[in-house]
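Single-letter residue listing:
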Amino acid sequence: MACLERVPSVPGMPEGKTLERAHSNQEVQRVPPSRRLIVVANRLPVSAYRDPEGKWQLQVSAGGLVSALMGVAHFQTKWIGWPGVYVEAGPERDALTSALHGEGYAPVYLDQKMVDLHYNGFCNSVLWQLFHYVPLNIDSKLSETRTLQFQWAAHQMVNRIFGDAVMQHYQEGDIIWVQDYHLMLLPAVLKERRPNMKVGFFLHTPFPSSEIYRTLPVREELLRSVLRADLIGFHTYDYARHFVSACTRILGLEATPEGVEDDGSLTHVAAFPIGIDPDRFTAALGAPEVRANVAQLLNRYAGRKVMLGVDRLDMIKGIPQKLLAFEKFLEEHPEWCDRVLLVQIAVPSRTDVPEYQRLRSMVHEVVGRINGRYGTLTHVPIYHLDRQLSFHELVALYAITDVALVTSLRDGMNLVSYEYVACQRDNAGVLVLSEFAGAAQSLGAGALLVNPWNVSDLAAAIGYALRMPERERRERHRHNYAHVTVHTAQTWADTFISELDDTAVEAELRTRGVPPPLPVPDVAAAFGSAAGRLLVLGYNATLTPGEEGPGGRTHRPGVVVFSGSEKEVLEEVFAGTRIWLAAENGMLLRPPGATEWVPVIEPPSGEWMDSVSLVFEYFCERTPRSFVEQREHSIVWNYRAADVEFGRLQARDLLQHLISGPISSAPVDVVRVVVFSGSEKEVLEEVFAGTRIWLAAENGMLLRPPGATEWVPVIEPPSGEWMDSVSLVFEYFCERTPRSFVEQREHSIVWNYRAADVEFGRLQARDLLQHLISGPISSAPVDVVRGGRSIEVRPVGVSKGASLEKVLQYMADACDMASVNFVLAAGHFLQRDENLYALVSGETEGGLAPAPAPAPSHAPAPGPAGVGATRPQHHDPGALGPAGHALSPSLAARMGMGGGAAAAPVAPAAVLPAAPSAQDRHRYLASSDAEAGAVRHRTTGEARRQAAHAAHASAPGASTTGGGAPGATGGSVQAFGGHELPFAVPPRHCFTCAVGRGVVSRAAFTLSSSAEVAALLRQLALTNGATMEQLMPVTSLSPTSSGGDGLADSGWLEASARSWSLNPRDEEAMLGRQ
């Protein structure tokens, strides 16, 4: 993309204004701007003050950012920032706001307390010091910790206030350019409100090494917020490299040549050396005022070499080191005492801070000592000024200077060096530049680079600069001047914004194949109307938070207590606490600090409660030590204290009485849940203890039905002779890679290095792969799967898709699957495992699997928009399996490897099958009790498969020929491995969803994180009329920095207790169904 057209201007200046306000006497011929640029900085580039008449006047402020942006043109620029003063709301503020708006500035008003906590506190006392390698203050007082918390809270609030200001002025297509460390949280604030907003961020300070940055208490929050920007710019490559290193080492993200990648989302990171407007300085050299000052200074300093230092009086500017080096030079070369003069301009800053007051006293002491020792009655070697010069005075001083000394200990860029070079067009002075200033990477070819901490070398550089031959001086100056005049502020801005435009285009192209967000309301609507449901869920990063890398996880859950108990119990137990309480399975809610309970779900008629209560009382008399809990909206028969075996028999008898009596006319919904994980079976057993769901461990090689204790091998494992040799290699690399470990599973082995150093772990992984390929697996029937921070060796052809095919066959033999017409498959799966999505959706490599013909013209109208919808799929044949290894014939056919033409999608029907009858409920109860045994003994499932055919044929809108799509009105029962799937494929409502992966996927939709999965499952449960007790809030089990696995508010999975709870539309809990 071509750079933008350059037009000299001052950002924010209205049409017809001159550059006089920007210290230039040149009239500007304006060209109408073509684009809007919103520059957001902590301070506006002007200072507001009152004139003698009481009117508000604006004066351009000094500073590197203002100086650099002074030459940015071509844009219709709007500045947003703090005006430097606080005015109470009223006529005075309105007058100031009007004056600022007239010049293109939008003020953000912050009161003094907010400024102290945000600007003076968190920004300058914490971030600025840390970014310049000044360690954080260590104080034993607890009050200091509390102060930091207050400062951080104020910093967050100020960034939100700036976000509000940006949104007030934002128009579609505007470019938002956020400046500096004061607003590092702003990119996230803006992206949360407008995800498609084009946001760039530029840091004008150094970014420290990751070892320094990691000491910041809020290190992760700042990094993640900045990463929401589309483009992040730094002055030098070193700063960009440090930032990327911090993201990889602290957040565990992937570094790429372009920037930082997080599950497919790429943030570009690059170096953009800032510049100045050199024409502004060269033009000022011809101004009469500057000429007069030059003549006066040349006359005053005649016969002496002039050295110049222009710095803020700051600890990082190296002023004491400069003075000590000059003192050493005079000590070693006394003949220069009356032949050289050092003019040091030290602009005061932060005069109320004790550290800066001590620095000022020390500088004055050293200046006095040097002048007292080496001065005479007519000459002193140092002229020291504690004030800021006017623009014309500074240009004149630059012009007559022979040597400029820039001795920063740490500096983002230091534009004084650029300004000096721009004013030395005729004199060709020498620049002595600290290697710790950002400008050293740009002007290193022509400057004398020094280490300011080495006083001896700095003194020697001063002597060499004073004696440098004219030819060398001019050659060095030529290099510097060429760089300054080419890499201007305008070029800097043009390059950054052009790169931002390119980044936005690349992001659009990169995400074009990324599935859209899952339409949760449509999913809930389809779920609520479906006759039978199947949920296929991943475990890692789907029901649990994903790994956050060596720095640990940032998941900090709030506290919500869900209970089936009555509200009086919770009120007594949690008296005095400020947490959310949900009583009676979430029917009643009490916010923190409240005294009243709010009904969450409008309870239906309770006419059924009396008849149910009679049944429960009857069984209380028959079952010693059991009792009934009568609640406001539900009834519980509890037999936890009864004899275990007798209680279980009585519970089964009670269920039969309920189904055939009081609740015989209540609707029942069947939901099957399958959790797939690559973890070993022991992990799933521990996490899902007490739940009645299908568990598939080791990528589906092992299966445990609901209620069972034994695991069944789904895929007959091949010989495991290769495991011992692979294990030896893995153990060897464990010894070589600190904090890596081996997970020895029943049929696979994993080497995990997520806690190891990122760079070293990546190198070791590469070496390990070479050892495996050339050694133990060279002829073994295995696949090597490389994850984000792991390497797994598993039997060839094993994938979640291939395993699910077998799992569904097992499920068909254990329970009735014929009524399934809703399938939700969601997970954070590797690409090779995404054939699971194709399996449930009927997708083929060429489009869709053969399916029935479109519904006839009299078919019902489509359902809710988006329900069961599909989108064009993007396929990677390599994801299906290793080259040369055939998948199962049925799965290959499903993937489109056996031919078959794609057919047009059909709209879903609105009319759904009738609710199951009481006989259906009896049949399900029997099948539920027999599930585990049915899987082990493999009774025939032919009757159920025939029932699936019959159910499909009789379903409204069903047909038997033609084409279909996921989400179509109906589908065909597909044949897999010589068997048919137990339900119509594609089902009427099919939603495949990739979790936490912003990349091209075979799934139709995406969810960004496990938190969204939890919210979805809760919504489905509530849509179905389920209880909060079924949702099993397990936030307290979330992983901590010590590691381990746990559920992240997973939403649907019920922990079985030894009690039966009967609620409105709650036969699921009653029957133990999930």
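Quick summary incoming for the structure in this document. Predicted model, so just to flag it, every value in this text is computed and none were measured.

1. Observations concerning the overall build of the protein
Move 1: Each helix and strand in the protein was counted, giving 34 helices and 40 strands.
Move 2: Per-residue burial over the protein gives 56% buried out of 1074 residues.
Move 3: The contacts of the protein with a sequence gap of at least 6 include a subset with a gap of at least 24, amounting to 72%.
Move 4: When the accessible area of the protein is evaluated, it comes to approximately 43900 Å², of which 53% is carbon and sulfur surface.

2. Re the sheet that holds strand β16 (residues 430-434)
Move 1: Read from one edge to the other, the open sheet built from six strands follows the order β14-β13-β12-β15-β16-β17, with strand pairing classed as parallel. In the strand order of this sheet, the two ends are held by β14 (382-385) and β17 (448-450), each with one partner. Pairwise comparison of adjacent strand axes, ignoring direction, gives a mean angle of 20 degrees for this sheet.
Move 2: Relative to β16, strand β15 (residues 403-406) runs parallel, the two sharing four bridges. Counterpart to L405 in the pairing with β16 is V432.

3. Observations concerning the sheet that holds strand β4 (residues 75-82)
By definition, the strands of a sheet pair up through backbone hydrogen bonds, in either a parallel or an antiparallel sense.
Move 1: Ordered in space as β5-β4-β1-β6-β7-β8-β11-β10-β9, the nine strands form an open sheet in which the pairing is mixed. Strands at the two margins of the open sheet, each flanked by one partner only, are β5 (105-107) and β9 (254-255).
Move 2: Across four bridges, strand β1 (residues 35-43) lies against strand β6 (residues 175-179) in parallel orientation. Within β6, the position partnered with I38 by the bridge is I176.
Move 3: Along the sheet face, helix α2 (residues 91-102) touches β4 and β5 and points at about 150 degrees away from the line of β5.

4. Brief notes about the nonpolar core
Move 1: Core analysis: the biggest nonpolar cluster contains 70 residues, and L431 and L433 have the highest contact counts within it.
Move 2: Here the element with the most residues in this core is helix α13 (residues 391-400); it accounts for eight residues.
Move 3: In this structure, this core is formed jointly by two domains, domain 1 (36-271) and domain 2 (279-487), each of which donates at least three residues.
Move 4: Excluding its chain neighbours within four sequence positions, the residues that come into contact with L431 are A404, V406, S417, Y420, V421, L443, A447, L448 and N480.
Move 5: Core analysis: the second largest hydrophobic core is formed by 61 residues, W152, M184, L227 and L251 among them.

5. Observations concerning the packing of aromatic side chains
Move 1: Summed over all chains, the structure comprises 29 aromatic pairs.
Move 2: Geometrically, the ring pair formed by F122 and W152 is tilted, given 5.4 Å between the ring centres and 50 degrees between the ring planes. In this pair, F122 is assigned in helix α3 (residues 112-131) and W152 in helix α4 (residues 142-169), connecting sequence segments 30 residues apart. Here F122 matches W152 in class, with each residue buried.
Move 3: Arranged with centres 5.4 Å apart and planes meeting at 55 degrees, the rings of F281 and F391 form a pair that is tilted. Linking F281 in helix α9 (residues 278-284) with F391 in helix α13, this pair joins segments that are 110 residues apart in sequence. Judged on exposure class, the residue F281 and its partner F391 are both buried.

6. Comments concerning α13
Move 1: With nine of 10 residues buried, α13 lies mostly within the body of the structure.
Move 2: Listed as buried for α13 are F391, H392, L394, V395, A396, L397, Y398, A399 and I400.
Move 3: Contacts made by the buried residues of α13 are with α9, α10 (288-300), β12 (305-312), β13 (340-347) and α14 (416-422).

7. Here's the deal with unusual backbone geometry
Move 1: Looking along the chain, the bond that leaves V985 and enters P986 is cis, with omega of 0 degrees.
Move 2: Along the chain, the position of P986 falls in the loop between β37 (979-985) and β38 (989-995).
Move 3: Despite not being glycine, D180 has its phi angle at roughly 75 degrees, a positive value.
Move 4: Relative to the helices and strands, D180 resides in the loop between β6 and α5 (186-193).
Move 5: With a phi close to 50 degrees, E698 is a non-glycine residue in the positive phi region.
Move 6: Inspection of the secondary structure puts E698 in the loop between β26 (694-697) and β27 (702-704).

8. A few points about the pairing of strand β23 (residues 627-630)
Move 1: Relative to strand β24 (residues 635-638), β23 runs antiparallel, the two sharing four bridges. Paired with E629 across the two strands is V636, which belongs to β24.
Move 2: Between β23 and β24, which follow one another and run antiparallel, lie four residues.

9. What to know about the environment of A346
Move 1: Counting through the fold element by element, A346 comes out in strand β13.
Move 2: According to the relative accessible area criterion, A346 is buried, its value standing at 0%.
Move 3: Considering only alpha carbons, one finds A346 and R360, 14 residues apart in sequence, at a separation of 9.1 Å.
Move 4: Other than its neighbours up to four places away in sequence, A346 contacts D311, L313, I319, H384, L385, D386 and R387.

10. Observations concerning the packing of helix α7 (residues 219-226) against helix α8 (residues 237-250)
Move 1: Relative orientation of the contacting elements α7 and α8 amounts to 120 degrees, with a least axis distance of 11 Å. The angle between the axes of α7 and α8 places the two elements in the oblique class. Both α7 and α8 take part in a crossing whose hand is left-handed. Note on element contacts: α8 touches α7 through F243, A246, C247 and I250, opposite R219, E220, L223 and V226.

11. A short note on the pattern of salt bridges
Move 1: Evaluated as defined, the whole model comprises 29 salt bridges.
Move 2: E327 serves as the salt-bridge partner of R369, at 2.8 Å between the closest nitrogen and oxygen. With R369 in helix α12 (residues 354-374) and E327 in helix α11 (residues 319-332), the pair connects residues that are 42 residues apart, well separated along the chain.
Move 3: On the basis of relative accessible area, E327 is assigned to the buried category, the value being 11%.
Move 4: A salt bridge links D386 to R360; the nearest nitrogen and oxygen atoms lie 3.6 Å apart. One end of the pair, D386, is in the loop between β14 and α13; the other, R360, is in helix α12, with 26 residues separating them in the sequence.
Move 5: Linked by salt bridges that have partners in common, E680, E743, R745, E792 and R794 make up one network.

12. Some details on the environment of A271
Move 1: As for its position among the elements, A271 is in strand β11 (residues 265-271).
Move 2: Every residue in contact with A271, bar those within four places of it in the chain, is listed here: F234, H235, T236 and Y237.

13. Some remarks on the side chain of T407
Move 1: For T407, the location among the structural elements is in the loop between β15 and α14.
Move 2: Within the local environment of T407, its side chain forms a polar contact with the backbone oxygen of G318, the two atoms lying 3.0 Å apart.
Move 3: In this structure, T407 is in contact with K317, G318, K322, S434, P452 and L458, ignoring residues within four places of it in sequence.

14. A short note on the pairing of strand β3 (residues 56-60)
Move 1: Of the two faces of β3, only the one carrying W56, L58 and V60 is buried; Q57 and Q59 on the other face are not.
Move 2: The sheet contact formed by strand β2 (residues 46-50) and β3 spans five bridges and is antiparallel. By the bridge assignment for β3, V46 is matched with V60.
Move 3: Counted along the chain from β2 to the antiparallel partner β3, the turn is five residues long, and its residue G54 has a positive phi close to 85 degrees.

Rules used throughout
- Residue positions are given per chain, counting from 1 as you read along its sequence in written order.
- Per-residue local features are limited, in this predicted model, to residues with pLDDT of at least 70; the limit for side-chain atom pairs, both in listing and counting, is 80 or more; totals at the level of whole chains, interfaces and linings are taken over all residues.
- As a rule here, side-chain values come from all non-hydrogen atoms in the structure, and water together with hydrogens is ignored.
- A run of DSSP states H or I qualifies as a helix once it reaches four residues; a run of E qualifies as a strand once it reaches two. Both are numbered from the N-terminal end.
- Working definition: with a 1.4 Å probe on protein chains only, accessible area under 20% of the residue-type maximum means buried, over 50% means exposed, and in between means partly exposed.
- Should any heavy atoms of two residues lie within 4.5 Å, those residues are counted as being in contact.
- With residues, only the protein chains shown are counted as cover, and all accessible areas are computed by Shrake-Rupley using a 1.4 Å probe.
- Note on pairing: DSSP must find at least two bridges between two strands before they are called paired.
- Every axis in this analysis is a line fitted to C-alpha atoms, fitted for helices over the stretch in contact. Angles between the N-to-C directions lie between 0 and 180 degrees.
- We define the nonpolar core as a collection of buried residues of types Ala, Val, Leu, Ile, Met, Phe, Trp, Tyr and Cys that are connected through side-chain atoms lying within 4.5 Å of one another.
- Marked domain ranges trace back to an automatic or database domain assignment.
- The criterion for an aromatic pair is that two Phe, Tyr or Trp rings (for Trp, the six-membered ring) have centres within 6.5 Å, with stacked assigned to planes under 30 degrees apart, edge-to-face to planes over 60 apart and tilted to the rest.
- Angle categories: roughly parallel below 35 degrees, roughly antiparallel above 145, roughly perpendicular from 65 to 115, and oblique for all the rest.
- Take the far helix as your reference; a near helix turned counterclockwise from it by less than a right angle gives a left-handed crossing, and one turned clockwise gives a right-handed crossing.
- Each reported salt bridge corresponds to a side-chain nitrogen of Lys or Arg within 4 Å of a carboxyl oxygen of Asp or Glu.
- In protein, a polar contact requires one atom able to donate a hydrogen and another able to accept it; more generally it is a pair of N or O atoms within 3.5 Å, and residues adjacent in sequence count only if both atoms are side-chain atoms.

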